[in-house]
Amino acid sequence: VDDGSQINMVVCGASNVVEGLVTAYARPGAVLPEGQTIASANLRGIDSVGMLCGGDELGISDDKDGIAELDSDTKLGIDIRELLALDDLSIDVDLTPNRGDCLSLHGIAREVGVLNELSISELSIKAISPTIDDTFPVEIKKGCGCSRYLGRVVRGVDIRASTPRWMAERLRRSGLRSIDPIVDITNYVMLELGQPMHAFDLNRLKKKIIVRSAKGGETLTLLNGQDYSLEKGNLVISDSSGVVALAGVMGGESTSVQADTVDIFLESAFFSPDIVAGTARYFGLHTDASHRFERGVDYNLQSKSMERATGLLLEIAGGSAGPVVEKILE
């Protein structure tokens, strides 16, 4: 193991140890978060100097499968507290159920500003000019519980791109693990602005998006891998082939972003709090999205969130964005 100053022999049984991997190394004398002091040892006749650490041993994740995998361009020998900005403070805010407006960084900042008669630093969000003409049709059925739906095609994204360390760390400290750049960006915008979003694999959608009430007897496999029989009146997203998502609660497995995804359809919508709450309770599903929609998402937030998510997506995963399709029902 090269720690930036010398080469050390370390015995490690983690399955993901490979030559060239950059990971976290605890030198002899280092103290882990739970108080364990690292020392040299002789394991099966081999002197082992220090230890390679997993995210759970560092107190930065619950992942017990293998050692931490850091970016390949990480400077060797740097203190991991400096690398991940771990010398920081987290503020845990406890909200009453009526304060859905504070379920985001922007909402909390606005509340603190009001209480202290201070102006807040608004996030500068630029509208993304489309570079392709591609759109995907959207239809909203009357009385279904959706009054505003925005969608945008983004082609040529790199699902294998690495989520920036700063974003992955902010998600982790907010209780969300990094999955892939597309999912991470939609989660980040939700935490930042308060608007839940969803990304579909465009090439798995058929003909058009239809926001409607379930007909009853329809079935859907959600992202959690479970099959659900829908009741008449459930708010759903469908395409011409059938239901593809439980609106405001969870996306479906058949149109989810996967390892071979290159084109996506971004969704940013306003769903009725009452209908989302009823659907989530009926199925026993409580998600970050439903938690916010149940309490009421700002009706004017969808466009801002779409532009913010698109900008981050193009910056991190590349691709070309089409124009935003917006449908509104009075």
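What comes next concerns the included structure.

The rules behind each value
Residues numbered from 1 in each chain as written. Predicted model: local features only at pLDDT ≥ 70, side-chain atom pairs only at ≥ 80, totals over all residues. Heavy atoms only, no water. Buried < 20%, exposed > 50% of the residue type's maximum accessible area, 1.4 Å probe, protein only. Phe/Tyr/Trp six-rings, centres within 6.5 Å; stacked < 30°, edge-to-face > 60°. Lys NZ or Arg CZ within 6 Å of the ring centre and 35° of its normal. Pairing = 2+ DSSP bridges. Helix = DSSP H or I, 4+ residues; strand = E, 2+ residues; numbered from the N terminus. Axes fitted to C-alpha atoms, helices over the stretch in contact; angles between N-to-C directions. Salt bridge = Lys/Arg side-chain N within 4 Å of Asp/Glu carboxyl O. Left-handed = near helix turned anticlockwise from the far one by under 90°. Contact = heavy atoms within 4.5 Å. Nonpolar A, V, L, I, M, F, W, Y, C, P; charged D, E, K, R; others polar. Core = buried A, V, L, I, M, F, W, Y, C linked by side-chain atoms within 4.5 Å. Expected span 1.5 Å × (residues − 1). Parallel < 35°, antiparallel > 145°, perpendicular 65-115°, else oblique.

**Re unusual backbone geometry**
No. 1: Look at R44: it is not a glycine, yet its phi comes out positive at around 55°.
No. 2: For R44, a relative accessible area of 89% puts it in the exposed group.

**A look at the packing of aromatic side chains**
No. 1: The final tally for this structure, using the stated rule, is seven aromatic pairs.
No. 2: Aromatic pair Y282 and F283: ring centres 4.9 Å apart, planes at 90°, arrangement edge-to-face.
No. 3: Residue classification places Y282 among the partly exposed residues on the basis of a relative accessible area of 48%.
No. 4: You can call F283 buried: its relative accessible area is 13%.
No. 5: Among the aromatic residues, those joined into a cluster by ring pairs are F136, F200 and F265.
No. 6: Over the ring of Y299 we find R148; its NZ or CZ atom is 5.6 Å from the centre of that ring.

**Digging into the sheet that holds strand β6 (residues 146–155)**
No. 1: As summarised here, the arrangement of the four strands in space is β7-β14-β6-β15, forming an open sheet in which the pairing is antiparallel. With partners counted over all chains shown, the strands left at the sheet margins are β7 (197–201) and β15 (320–328), one partner each. Each neighbouring strand pair of the sheet contributes to a mean axis angle of 20°, computed without reference to strand direction.
No. 2: Of the pairings in the sheet, the one linking β6 to strand β14 (residues 263–271) comprises nine bridges and is antiparallel in character. The residue of β14 that forms the bridge with V153 is F265.

**Side note on the pattern of salt bridges**
No. 1: In this structure the tally under the stated criterion is 20 salt bridges.
No. 2: Between R152 and E307 there is a salt bridge; the shortest N-O distance is 3.2 Å. With a gap of 155 residues between them, R152 in strand β6 and E307 in helix α8 (residues 302–317) connect regions that are remote in the sequence. You'll find R152 and E307 in the same group, each marked buried.
No. 3: The partner of E192 in a salt bridge is R308, and the shortest N-O contact between them spans 2.8 Å. In this pair, E192 is assigned in helix α5 (residues 181–193) and R308 in helix α8, connecting sequence segments 116 residues apart.
No. 4: Residue classification places R308 among the buried positions, given a relative accessible area of 17%.
No. 5: When salt bridges that share partners are traced, they join D88, E169, R172 and R173 into one network.

**What to know about the packing of α5 against α8**
No. 1: Between α5 and α8, the least distance of the axes is 10 Å, while the angle of their chain directions is 140°. Between α5 and α8 the crossing geometry is right-handed. Listed contacts from α8 to P181, I182, I185, Y188, V189, E192 and L193 of α5 are K304, S305, R308, A309, L312, L313, I316 and A317.
No. 2: Within the contact of α5 with α8, the residues separate by chemical class into eleven nonpolar, one polar and three charged.

**Re the nonpolar core**
One broad rule of soluble globular proteins: the nonpolar side chains tend to lie buried together.
No. 1: Membership of the largest hydrophobic core comes to 67 residues, with the highest contact counts inside it found for Y149, I209, V211, I237, F265 and F271.
No. 2: The biggest single contributor to this core is α5, with seven residues.
No. 3: Here I209 is in contact with F136, P137, V138, E139, Y149, F200, I237, S238 and F265, once residues within four sequence places are set aside.
No. 4: Listed in part, the 13 residues of the second largest apolar core include A24, A26, I38 and C53.

**A look at α5**
No. 1: Between its first and last C-alpha atoms α5 spans 18 Å; for 13 residues at 1.5 Å apiece the expected length is 18 Å, and the two agree.
No. 2: Most of α5 sits out of view: twelve of its 13 residues are buried.
No. 3: Inspection of α5 places P181, I182, D184, I185, T186, N187, Y188, V189, M190, L191, E192 and L193 among the buried residues, and these make up the whole buried set.
No. 4: Where α5 is buried, its residues touch α3 (105–115), α4 (165–173), β7, β14, α7 (288–295) and α8.
No. 5: G194 sits one or two residues past α5 and shows a positive phi near 100°.

**Notes on the packing of α4 against α5**
No. 1: At a minimum axis distance of 10 Å, the contact between α4 and α5 shows a crossing angle of 60°. Taken together, the axes of α4 and α5 lie oblique to each other. The interaxial crossing formed by α4 with α5 has left-handed handedness. In contact with W166, M167, R170 and L171 of α4, α5 contributes D184, I185, N187, Y188 and L191.
No. 2: Residue classes in the contact of α4 with α5 are distributed as six nonpolar, one polar and two charged.

**A short note on the environment of G151**
No. 1: The residue G151 is located in strand β6 in this model.
No. 2: In the structure, G151 is positioned 64 residues away from D87 in sequence and 39 Å away in space, judged by C-alpha atoms.
No. 3: Apart from residues lying up to four places away in sequence, G151 is in contact with F265, L266, M306, P323, V324 and V325.

**Remarks on the sheet that holds strand β8 (residues 209–213)**
No. 1: Spatial strand order, β5-β8-β11-β12-β13: five strands in an open sheet with mixed pairing. Because the sheet does not close on itself, it has two edges, and the strands there are β5 (138–140) and β13 (250–251).
No. 2: Pairing of β8 with strand β11 (residues 235–239) involves four bridges; the strand directions are antiparallel. Paired with S213 across the two strands is L235, which belongs to β11.

Remember that the coordinates give geometry; whether it matters functionally is a separate question.
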